[in-house]
Amino acid sequence: MRDFVQRVVGKLNVGGDKDRVSVVQYGRDQEVHFYLNTYTTKEDILNTVRSLRHRGGRPLNTGAALQYVRDNVLTASSGSRSQEGVPQMLILLSGGRSSDNVDIPASALKDSGVLIFGIGTRNSSREVQGIATDPSFSQSVSEFTDLPSIQEQFFSTLITVQVEATPKTPTVIVDQSIARKDVVFLLDGSDGTRNGFPAMRDFVQRVVEKLTVEENRDRVSVVQYSKESEAHFYLNTYTTKEDVVDTVRGLRHKGGRPLNTGAALQYVRDNVFIASSGSRRLEGVPQILILLNGGRSFDNVDTPASALKELGVLVFGIGTRSSDSRELQKISYDPSYALSVSEFTDLPNVQQQLLSAMGTVIVQVTTMTPTVKPTILVESQAPRRDVVFLLDGSDGTRSGFPAMRDFVQRVVETLGVDENKDRVAVVQYSRDPAAQFYLNTYTTKGEILNTVRGLRHKGGRPLNTGAALQYVRDNVLTASSGSRRTEGVPQLLILLSGGRSFDNVDTPASALKELGVLIFGIGTRSSDSRELQRISHDPSYALSVSDFTDLPNIQQQLLSSVESVVIDVTPESTTDLVDHDTSRKDVVFLVDGSDGTRNGFPAMRDFVQRVVGKLNVGGDKDRVSVVQYGRDQEVHFYLNTYTTKEDILNTVRSLRHRGGRPLNTGAALQYVRDNVLTASSGSRSQEGVPQMLILLSGGRSSDNVDIPASALKDSGVLIFGIGTRNSSREVQGIATDPSFSQSVSEFTDLPSIQEQFFSTLITVQVEATPKTPTVIVDQSIARKDVVFLLDGSDGTRNGFPAMRDFVQRVVEKLTVEENRDRVSVVQYSKESEAHFYLNTYTTKEDVVDTVRGLRHKGGRPLNTGAALQYVRDNVFIASSGSRRLEGVPQILILLNGGRSFDNVDTPASALKELGVLVFGIGTRSSDSRELQKISYDPSYALSVSEFTDLPNVQQQLLSAMGTVIVQVTTMTPTVKPTILVESQAPRRMSCSCWMDLMARGVDSQQCGTLFRVVETLSV
C-alpha cells in the first residue's frame, strides 16, 4: 500500500499552487501523517511516505475515518482549496469491512463535492464500491500485493475524470453582523484629484465606521496610487477601528502622473491580497476592493482587472465625471458594481448604495459534482462568446463577397450581442489582413449590422491565410481588443475561404488551437478541403459549399455547432496529470542534408516547422536548435540563438539543402553531443531540463553510429528517429527505444506519421535522479562567482569610502583567478552601472586596483528592484563570465543604505529561482524587512549602524561564503513511454544549514563526520 501511494504521488505535479497531498492512516481511530499544506515538494512527501509504519489496532472504523477526513483534513486551515474550486479527491485503500456505518459520512463527503476513489480487497470490495463516488471509481484486488496489477487502470480513471462545477447550495446571504470581510481601498492620488482628496479620505472614514474592525472580523487596508502605488497599511497592520480611522485621517495626497490604474490593480493583487499581508482569501473570507478613481487610466486595465476577478476579488469602482465610465465597468466585478458621482464631494450620495452591496455579500457556494464524460457541452445559454469572422477578400472572391457579407449578417442576428454577452469582430484578408472592427468596438447588434452592411471587398493577391490566422491570434483575440479569453469566455473563429493558401497555415492554426480557440472553416469548391480541415478545430468543423451563394444551406449546421460546442476535456493527452506547457525542453533537430535527400528536403523542412509550432518556445521554456549534416555538419542555429517561435520558424523556412556525401550520421551524433548539447550553446541539462534529439535520416551511415548514439543516451539525451525505407533499421537502433523511431517510404509522407510522432514526443516521461551525493566545497578549492551591488545614491555619499574599503577587504580573502573565484562590481541609484564584469579581470590585483578607483555615482531615487533585475539579466549570464550553468555558486553581496523606491519582490524572487545566494547588508537607514525579503534567507541579511561599521560583519559574511554547500545533482533519465514529461529542477541545500551548525558550536571535524553520513543517503 505504501509503495502504491509513492507511485501515485510520483505521477502528480506537486507544489503549493499545483497538486497538494495528505496521508491519513486509520484503524480504530485516525492519525494524520501530514496535511495538504504540510509539504510543498514531491521529495518531502515521498520521503515521509517511505518512512510510514503500520500502526495496527482494531476494530476497523472506516466511517469514523471518512468523517474525520471531511472535518479535519479537507478544510482550508489544513490546506484544502475547495473554496477556490480546486477538485478534492480522496483515495481510500481498505482491506476489510467496517465495524461502523460508512453510508452517512460517505454521503457527506460526496455532498461536499469530494471525488472518492476506492481500492478494496476480497474482504471489502462491495463496501468500497458503495463508498466510491461512482462504482467505476472503485477497484478490487485479491491482496494488496496485487496493487501493481491495477495501477495503470487506476491512473487512467484518476486522469480521465471530468469535474463539472455545479452549485450544490443556493445563494447564501451572509449577515453583515457575523460576516468577515477583507476590505481594501484603492485611492486615486494623482495630480487630478488634489481638490477631491479630502472628500475621498472622509468617505473612507465613514465606510470604515460601519465595519466591525477586528482581527477575526473585518480587516482594512488602504493603498494610494498615481504613477506608482503605495500601501499606507496592510490588512494585518491594524486590528482596531480606532487605529484605522486615525491613520486614514492623517493621509496626505500623493500627487504624480500619469494615472496607472492597471499597475495599481496589479499591485494590490500581488502585494495586498496575499496571506503575508493579512488576506484571508484562502480561508474563504470575501475579498473586497473599493476603487475611488478620478480619471482615465494611462495604462491597460483589462489584464489586472481580470486577474483580480479570477482571484475572486469583488471590485467596486466609484468614479467622477472625469473618469471613463466604461473602463470603470470593466474593472468592477460586475457592471452594476460601478458607481458614479459628479465630484468626490458627492460621495455621501452613494455611500448607502455601496454599504448595502457590501453588507450583504453574496457568496455562491460551488462544490464539485463529478461525472465521467470525455467531453463537456457548453450550452448556448452560456452567457458569453467572443466571435471573430475572418473573410477571404482576395481577388478570387469578388463575385461571392456580397453573399459572404449577408451570411455574416444572418449569423450575427442569431447572437445575443452585448458588452457582457456575445461580442463580434470582423477581419478581411488577402495578401494582408485588415480588422474591420474589434471585439470591443461595438456593443449593440445594430452597430455591428450597419458596419457589416457597409463592408467593401478588399481585393489583392496572393491569399495568405496563414498570416491572417496569425494576425487574428496576435491582434484580435487579445484583451486589449476585447477578448475575454482569460475570463474563460469561449473564443470562436469562423473562417470563410475561397481558395488555397499561398503560405503555411499549420503553425498559426496550431497556435490558435493551443490558445483554446474553436475554429470553424467554411470553403468553396475552389478551396483546399484538406487545408480547411487542418485549420478547423476538428475536421468535422470544416464545412463546404459549391459557391458562397450557397452559404444559407449550411447556416443552420454552423449555428448548431456554435450553439452546442463540444470542447474536448484533454486535447493534448488523455494520460496527462501535468500541463505539459509548463515543462521545459531542449530540442535539437538533426537533419540529413546529403545528396540522397535533395527531393525530400522541403518535406523535412515543413515537418520541422510543424513540430516547432507545437512547442512552447521561450528562453525559459522550450529551446530549439537545427543541425544539417551529410559528410560533415552545419549548425543553422544553437539552443540559445533564438528565444521566439517566430525567429525559429523564419530561419527554418529559409533553410537550403546543403548536399554532400558520404553520409556520416555517427560523426553528426558525436558533433551534437560535443558542440550543441552543451551549456555554452544553450543546453540546460545541468538544470534538469530534458534533452531531446530528433533525427531525420534518409540513408545508411557510412560510419559507426553505435558508439556516439550510446554516448548520447548515457548523457541522458532522448533520441527520436524518423527514417525512410533506406534507413529505418539503423534509425531504430539509434533511437532511445524502438518505439521512439518511425518510418516512411519517402520524406514526402511525413505528414502521415506527424500525429503519431507528436503523441510519442508528448507522452515521454523523464525522471530526474541524483547521481552524486551532497558534497562540501572547501574554500581552498572552491570556485565562486561573486558580485557586489553597491548603493551609490545621494544618501550614501558619506559612507561610500567605507563600502569601497569593505569590498577590497572581502576580495583580499578570495582566490581570484579565471578558474577559481571571479568578481564583478555594480553600482546603482536610479539606474545601474557595471564597473566590471565577472570575466573582465583574472587577477586579484586588477580587481583591487579598480575598486580603489571607484567614484560615488550619486542620483535618486534608489531603485533596488531595477538593480537586482539588472544583475540578473546582465551580470549573472555566461557572456559576462557567470559559470552558473557549470554549477559554480553564484553569490550577490548587496550593500544598501535606504528603502527602495521600486518593488523588489519580483526581481529578488527571480534571482533566488536562478539559484543566486543573495547576502544583504544594510544600515539603520535601510528597510530591514525589505533586506530580509531580498536575501536568499532572512539569516543572510546583516545590519550595521553605519557603513563605517562594516568591518564588524566582515567575518560573519566570509564564514557564510567560505563554506558553501552545493548539492551536485546530475540527471539520469529513465524512459517510460506512457507518461508525460515532468521536469524537475536540481535541488540545492541552503547554506543556512551549514551556518546553523556553526552557530550551534559544532566544530568542523564533527561537521565532516555528519556530512560523510549524509553522503550515504539519498538526500
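Please refer to the structure higher up on the page.
Throughout this description, residue numbers start from 1 for each chain and increase along the sequence as written. Whole-chain, interface and lining totals are the exception, using all residues; otherwise, since this is a predicted model, local features are given only for residues with pLDDT of at least 70 and side-chain atom pairs are given and counted only at 80 or more. Hydrogens are left out, water is left out, and the side-chain values use all remaining heavy atoms of the structure.

Draft legend 1. Quick look at the sheet that holds strand β24 (residues 586-592). With mixed pairing, 6 strands are arranged side by side in an open sheet as β26-β25-β24-β27-β28-β29. Because the sheet does not close on itself, it has two edges, and the strands there are β26 (633-637) and β29 (741-743). Shown here is a sheet whose adjacent strand axes are inclined to one another by a mean of 20°, direction ignored. Strand pairing is assigned whenever DSSP identifies at least 2 bridges connecting the two strands. Numbering of helices and strands starts at the N terminus; helices are DSSP runs of H or I of at least 4 residues and strands are runs of E of at least 2. Both strand β28 (residues 717-723) and β29 contribute to a ladder of 3 bridges, which runs parallel. Each axis is a line fitted through C-alpha atoms, taken for helices only over the stretch in contact, and angles between the N-to-C directions span 0 to 180 degrees.

Draft legend 2. Spatial organisation of the pairing of strand β25 (residues 623-629). The cut-offs for exposure are 20% and 50% of the maximum accessible area for each residue type, with area from a 1.4 Å probe on protein chains only; residues under the lower value are buried, those over the upper are exposed, and the others partly exposed. When you tally the buried positions in β25, you get 7 out of 7 residues, the bulk of the element. Neither face of β25 is open: one carries R623, S625, V627 and Y629, the other V624, V626 and Q628, and all of them are buried. Alignment of β24 against β25, held across 7 bridges, turns out to be parallel. For D586, the partnering residue across the bridge sits in β25 and is R623. Handedness is read with the strands pointing away from the viewer; a crossover is right-handed when the path from the first strand over the helix to the second is clockwise. You can see the chain leave β24, run along helix α19 (residues 601-614) and come back into β25, and the turn it takes is right-handed. As paired strands, β25 and β26 are joined by 4 bridges and run antiparallel to one another. Opposite V626, over in β26, you have F637 as the bridge partner. Hairpin remark: β25 followed by β26, antiparallel, with 3 residues in the connecting loop.

Draft legend 3. Examining the sheet that holds strand β17 (residues 385-392) more closely. Strand order in the open sheet formed by 6 strands is β19-β18-β17-β20-β21-β22, and the pairing between neighbours is mixed. The sheet is open, and its two borders are formed by β19 (433-437) and β22 (542-544), each paired with just one other strand. On average, adjacent strands in this sheet sit at an angle of 20° to one another, irrespective of strand direction. Here strand β18 (residues 422-429) runs beside β19; their pairing, made up of 4 bridges, is antiparallel. Following the sheet pairing, V426 is matched in β19 by F437. Note on definitions: a residue-residue contact is assigned when non-hydrogen atoms from the two residues lie within 4.5 Å. Across the face of the sheet, helix α13 (residues 401-413) comes into contact with β17, β18, β20 (491-497) and β21 (518-523) while running at roughly 175° to β17.

Draft legend 4. Region of interest: the side chain of T48. Among the secondary structure elements, T48 is positioned in helix α2 (residues 42-50). Residue T48 is classed as buried on the basis of its relative accessible area, which comes to 16%. Setting aside its immediate chain neighbours within four residues, T48 contacts F34 and Y39.

Draft legend 5. Just the pairing of β28, in detail. Within β28, 7 of the 7 residues are buried, which leaves the element mostly enclosed by the surrounding structure. Two strands pair when backbone bridges link them, and strand β27 (residues 691-697) and β28 are joined in this way by 7 bridges, in the parallel orientation. Note that in β28 the partner of L693 across the bridge is I719. Crossover connection from β27 via helix α22 (residues 706-714) to parallel β28: handedness right-handed. With respect to chirality, the unit in which β28 leads through helix α23 (residues 728-734) into the neighbouring parallel β29 is right-handed.

Draft legend 6. Inspection of the packing of aromatic side chains at higher detail. Only Phe, Tyr and Trp rings take part, Trp by its six-membered ring, and two of them pair if their centres are within 6.5 Å. Stacked means planes under 30 degrees apart, edge-to-face means over 60, and tilted covers everything else. Using the criterion set out here, one finds 14 aromatic pairs in the structure. With a centroid separation of 4.6 Å and 5° between ring planes, the pair formed by F919 and Y940 is classed as stacked. Note that F919 is positioned in strand β36 (residues 917-922) and Y940 in the loop between α29 (928-934) and β37 (941-943), a separation of 21 residues in sequence. A residue is classified by how much of its surface remains accessible, and F919, at 2% relative accessible area, is buried. Chaining the aromatic ring pairs together yields one cluster made of F4, F117, F137 and F154.

Draft legend 7. Inspection of the pattern of salt bridges at higher detail. Here, a salt bridge means any Lys or Arg side-chain nitrogen found within 4 Å of an Asp or Glu carboxyl oxygen. On inspection of all chains with the given rule, the structure shows 41 salt bridges. Among the ionic pairs, R684 bridges to D586, the shortest N-O distance being 2.6 Å. Highlighted residues: R684 in the loop between α21 (665-676) and β27 and D586 in strand β24, separated in sequence by 98 residues. By relative accessible area, R684 is classed as buried at 1%. We note a salt bridge from R661 to D595, for which the minimum N-O separation is 3.9 Å. Residue R661 is found in the loop between α20 (645-653) and α21, and its partner D595 is found in the loop between β24 and α19; the two are separated by 66 residues along the sequence. The network of salt bridges with common partners includes D29, E31 and R55.

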